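Examining the three-dimensional arrangement
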Amino acid sequence: MLVNARNILVGSAIALALGASGPVHSFDDGAEVTIDYRQGLMGALGGNMSATAAIVVDGADFRDNLLVHTRYIVEATRDIPALFPEGSDFGETDALMSVWEDPERFAELSRENHEAAVALHEAVEQGDDAAIVPRFRNVGESCRACHEDFRRSD
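What this report covers is the structure whose coordinates are included nearby. Because the structure is predicted, anything quoted here is derived from the model rather than measured.

1. Points about the layout of surface pockets
Quantified by volume, the largest pocket comes out at close to 590 Å³. What lines the largest pocket is a set of 24 residues, and nearest its centre among them are Met42, Gly43, Leu45, His147 and Arg151. When residues of the lining of the largest pocket are traced back to their parent elements, those giving at least two are helix H2 (31-56), helix H5 (103-126) and helix H6 (129-150). Grouping the constituent residues of the lining of the largest pocket by class yields 10 nonpolar, nine polar and five charged.

Right under this line is the structure:
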C-alpha cells in the first residue's frame, strides 16, 4: 500500500479535528521538527509584518486585510520562547546561543514584542488611524531589539 503526502495530510487533519491533544511545541519526531515549525512560524510572522508595512507605511490598497495581518502577529508572538526549547539549538538556524544562555532576557523582549503587537491590533480594531503607524513602528522596534541579541544577521 502506497502512502502519499495527501493521505498523511488528510489523516493529520482528521486527527486534529477529532481532538488530538498535546503541546503545540512538543513533537515526537525530535528537535528537527521543532526547528522546522519555528522557522515556518517566524517566516510567516515576517511575511505578515511585511504585508502590514506595505499597507500602513507604503499605502498598499489592501486595508481590508490589515486586521487579519495584525491578528496573526498577535497570535504568533503570544509565546515565542516556547518555540526555542532546550535541544533545538543546532542545525540551519539563525537563532544565536544567547537564546538559551539568557532565557530571561529573551522572554522579556518576547513579552514586550507581544504587548506591542496587541497594542497595534487594538488600534486597527478600533480604527484609530492616528495610532496605527506609531504602534506598527513599536512592533518593528521590538522585533529589532530581540533580533540584535538573539538572531544571527548575515
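There is more to say, and it comes next.
2. Quick word on the state of the cysteines
Counting across every chain of the model gives zero disulfides. With no disulfide of its own, Cys143 lies 8.2 Å from the sulfur of Cys146, the closest cysteine sulfur. On the basis of relative accessibility, which here comes to 18%, the residue Cys143 falls in the buried class. Residue class for Cys146 comes out buried when judged on its relative accessible area of 11%.

3. Quick look at the pattern of salt bridges
Two side chains that carry opposite charge are able to pair once their charged atoms sit near each other. Enumeration according to the criterion identifies four salt bridges in this entry. Here Arg105 makes a salt bridge to Glu108, at a shortest N to O gap of 3.3 Å. With Arg105 and Glu108 both in helix H5 and three residues apart, this pair spans about one turn of that helix. Taking relative accessible area as the criterion, Arg105 reaches 31% and is therefore assigned partly exposed.

Here is what the cut-offs are and how they apply
Think of each chain on its own: its residues are numbered from 1, step by step along the sequence as written. Where totals are concerned, whole chains, interfaces and linings use all residues; where local detail is concerned, this predicted model gives features only for residues with pLDDT of at least 70, and gives and counts side-chain atom pairs only at 80 or more. Working from all heavy atoms in the structure, the side-chain values ignore hydrogens and water. For cavity detection a 1 Å grid was placed over the protein atoms alone, and a set of points counts as a cavity when a 1.4 Å probe fits there but cannot get out; an open set counts as a pocket when protein lies on both sides within 12 Å along at least five of seven lines, with lining residues being those that have an atom within 4 Å of a point. Grid points are joined across faces, edges and corners, and a volume is the space filled by probe spheres set on the points. A run of H or I in DSSP becomes a helix once it reaches four residues, and a run of E becomes a strand once it reaches two; helices and strands are each numbered from the N terminus. Side-chain classes follow a simple rule in which Ala, Val, Leu, Ile, Met, Phe, Trp, Tyr, Cys and Pro form the nonpolar group, Asp, Glu, Lys and Arg form the charged group, and the remainder, Gly included, forms the polar group. The definition used for a disulfide is geometric: two cysteine sulfur atoms within 2.5 Å. Between buried and exposed lies partly exposed: a residue is buried under 20% and exposed over 50% of the maximum accessible area for its type, with that area taken using a 1.4 Å probe on protein chains only. Here a salt bridge means any side-chain nitrogen of Lys or Arg lying within 4 Å of a carboxyl oxygen belonging to Asp or Glu.

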